[in-house]
Amino acid sequence: VVKTLFFPLQYNMYKSMSKMRLIQPEMKSIQERFAADPQRMRAEQAKLFQREKVNPVAGCLPLIPTMFVFWSLFHVLNVTIEMRHTPFVGWIHDLTLKDPFYVTPILMGATMLWQQKITPVANPDPMQQKIMMFMPIMFTVMFLNLPSGLVIYWFVNNLLGIGQQWLVNR
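The text that follows walks through the structure, step by step, so that each part is easy to find. (Residues numbered from 1 in each chain as written. Predicted model: local features only at pLDDT ≥ 70, side-chain atom pairs only at ≥ 80, totals over all residues. Heavy atoms only, no water.)

### Regarding the pattern of salt bridges
- The full count for this structure, using the stated rule, is four salt bridges.
- Residue Arg 51 is joined to Glu 26 by a salt bridge in which the shortest nitrogen-to-oxygen separation is 2.6 Å. Here Arg 51, found in helix 4 (residues 38-52), pairs with Glu 26, found in helix 3 (residues 24-33); they are 25 residues apart in sequence, far enough to count as distant.
- Taking the shortest distance from any N to any O, the salt bridge between Glu 44 and Lys 47 comes out at 3.5 Å. Residue Glu 44 and its partner Lys 47 are located together in helix 4, separated by three residues, close to a single helical turn.
- Here Lys 47 falls in the partly exposed class, since its relative accessible area comes to 49%.
- What you see here is one network of salt bridges that share partners, running through Glu 26, Arg 51 and Glu 52. (Salt bridge = Lys/Arg side-chain N within 4 Å of Asp/Glu carboxyl O. Helix = DSSP H or I, 4+ residues; strand = E, 2+ residues; numbered from the N terminus. Buried < 20%, exposed > 50% of the residue type's maximum accessible area, 1.4 Å probe, protein only.)

### Brief notes about the packing of helix 6 (residues 103-118) against helix 8 (residues 148-169)
- Where helix 6 meets helix 8, the closest approach of the two axes is 9 Å, and the angle between their N-to-C directions is 20 degrees. Comparing the axis directions of helix 6 and helix 8 gives the class roughly parallel. Judged by the twist between their axes, the crossing of helix 6 over helix 8 is left-handed. In this structure, helix 6 uses Thr 104, Pro 105, Leu 107, Met 108, Thr 111, Met 112, Trp 114, Gln 115 and Ile 118 to contact helix 8, whose residues at the interface are Val 151, Ile 152, Trp 154, Phe 155, Asn 158, Leu 159, Gly 161, Ile 162, Gln 165 and Asn 169.
- Across the contact of helix 6 with helix 8, the residue classes break down as 12 nonpolar, seven polar and no charged. (Axes fitted to C-alpha atoms, helices over the stretch in contact; angles between N-to-C directions. Parallel < 35°, antiparallel > 145°, perpendicular 65-115°, else oblique. Left-handed = near helix turned anticlockwise from the far one by under 90°. Contact = heavy atoms within 4.5 Å. Nonpolar A, V, L, I, M, F, W, Y, C, P; charged D, E, K, R; others polar.)

### Concerning the environment of Lys 3
- Its location among the elements puts Lys 3 in helix 1 (residues 2-5).
- Assessed through its relative accessible area of 11%, Lys 3 is described here as buried.
- Beyond its immediate sequence surroundings of up to four residues, Lys 3 is in contact with Gln 10, Asn 157, Leu 160, Gly 161 and Gln 164.
- Among the polar contacts made by the side chain of Lys 3, one reaches the side chain of Gln 10 at a distance of 2.5 Å. (Polar contact = N/O pair within 3.5 Å; in protein donor to acceptor, adjacent residues only side chain to side chain.)

### Focus on a nonpolar patch on the surface
- Residues Phe 134, Ile 137, Met 138, Val 141 and Met 142 make up a contiguous nonpolar surface patch of roughly 480 Å² in combined accessible area.
- Topologically, Phe 134 is positioned in helix 7 (residues 126-143). (Patch = residues over 30% accessible without salt bridge, like charges linked within 9 Å, V, L, I, M, F, W, Y side chains within 5 Å. Areas by Shrake-Rupley, 256 points an atom, 1.4 Å probe, with all protein chains shown as cover.)

### What to know about unusual backbone geometry
- Of note in this structure, Lys 53 is not a glycine but carries a positive phi near 55 degrees.
- Here Lys 53 lies in the loop between helix 4 and helix 5 (63-79).
- Positive phi values are uncommon outside glycine, yet His 85 reaches one of about 60 degrees.
- Structurally, His 85 can be placed in the loop between helix 5 and helix 6.
- Overall, His 85 belongs to the exposed group, its relative accessible area being 65%.

### A word on the packing of aromatic side chains
- Considering all chains together, one arrives at seven aromatic pairs under this definition.
- Here Phe 139 and Trp 154 contribute two aromatic rings whose centre-to-centre distance is 6.0 Å and whose plane-to-plane angle is 20 degrees, an arrangement assigned as stacked. Separated by 15 residues along the polypeptide, Phe 139 in helix 7 and Trp 154 in helix 8 bring together distant segments of the chain.
- Relative accessible area serves as the criterion here: at 11%, Trp 154 is assigned to the buried category.
- Here the aromatic rings of Phe 143 and Trp 154 are separated by 5.6 Å at their centres, their planes lie at 50 degrees, and the arrangement is tilted. Separated by 11 residues along the polypeptide, Phe 143 in helix 7 and Trp 154 in helix 8 bring together distant segments of the chain.
- An aromatic cluster is defined as three or more aromatic residues linked by ring pairs; in this entry it consists of Phe 70, Phe 139, Phe 143 and Trp 154. (Phe/Tyr/Trp six-rings, centres within 6.5 Å; stacked < 30°, edge-to-face > 60°.)

Right, here's the structure in full:
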């Protein structure tokens, strides 16, 4: 439901990222031509964004409401008494506790990696790509001890995001 509500925002994010990738050669050209004059470089980049109807901030904005939902779910799982010891599915007997076999955090990390592979990259810098490849590992380690309900939410969110990215790419 949350992913459906935020679909228009995320669709615009994916479109913006795709447009940023397409104008990347022009961006590099502007950076090379005006390397000595940062103010002129920013002005030329702004003109390029305006001409191509690209908003570089649009890629980050949809993450803000998603983080509020994530934070709210975290608090619900930690505070709500009714959620404690409520069976879910299979080996997960309590959504407020960590996954005892660490299956969901590993699946979540795998979907993050998959999503990262199919997402268009605006900056093809090899060093930055290597750093970004570390993110799924870092998130997997962070999520190992979080409530399984939160990890399942993030995992399903990633799966739906992969579907959205596939839809946008088509």
